[in-house]
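If you want the building blocks of each chain, they are given just below.
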Amino acid sequence: MVKRFIAGLGIGLAAGYLLGPTLKGDKISPEKALKEVKKAVSKTYAISGSWIHMIPETVDRNNISYTVYRGGLSTTNEQGTTQYEFLVDTKSGTLLELQSS
């Protein structure tokens, strides 16, 4: 009985620590946002460089306002290097837009 209580308490504390920023609506760091974008894009492209603005901005997409970080990626393939710009949501790290520049 005590072991279950302690295990439940431990799981609850770990979940609170991991989910706390998401539940509070806190922003993820620009570094973490860039890491998430690179993880998503690297499934399709070979990334050779990246950058991200540290100051969030507000953009409207489909009549919804998002607070985003703006950044960019360079990819390399047989044809050469391609530059992409992206917008990533500051709360979830979701890639909202990726377009070649």
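Everything quoted here is computed from the prediction, not taken from an experiment.

Student: Can you help me understand the overall build of the protein chain in this one?
Tutor: For the protein chain, the count of helices and strands is 2 helices and 5 strands. What you see in the protein chain, going N to C, is helices and strands ordered as α-α-β-β-β-β-β. The buried share of the protein chain, reckoned over its 101 residues, is 23%. When contacts within the protein chain are restricted to residue pairs at least 6 apart in sequence, those whose partners lie at least 24 apart make up 36%. About 7,300 Å² of surface is accessible on the protein chain, with carbon and sulfur atoms providing 56% of the total.

Student: I would appreciate a short explanation of the confidence of the model for the protein chain in the present structure.
Tutor: Residues shown with low pLDDT carry predicted positions that ought not to be read at fine detail. Across the protein chain, the average pLDDT comes to 83, with 75% of residues at 70 or higher. Across the protein chain, the secondary-structure element scoring lowest on mean pLDDT is helix H1 (residues 2–24), at 51, and the one scoring highest is strand E1 (residues 47–52), at 96.

Student: Just to check I follow, could you spell out the environment of Ala46 for this structure?
Tutor: If you trace the backbone, Ala46 turns up in the loop between helix H2 (30–41) and E1. By relative accessible area, which is 47% here, Ala46 ends up partly exposed. When residues no more than four places from it in sequence are discounted, the contact partners of Ala46 are Ser74, Thr75 and Thr76.

The rules behind these values
Residues numbered from 1 in each chain as written. Predicted model: local features only at pLDDT ≥ 70, side-chain atom pairs only at ≥ 80, totals over all residues. Heavy atoms only, no water. Helix = DSSP H or I, 4+ residues; strand = E, 2+ residues; numbered from the N terminus. Buried < 20%, exposed > 50% of the residue type's maximum accessible area, 1.4 Å probe, protein only. Contact = heavy atoms within 4.5 Å. Areas by Shrake-Rupley, 256 points an atom, 1.4 Å probe, with all protein chains shown as cover. pLDDT = per-residue confidence, 0-100.

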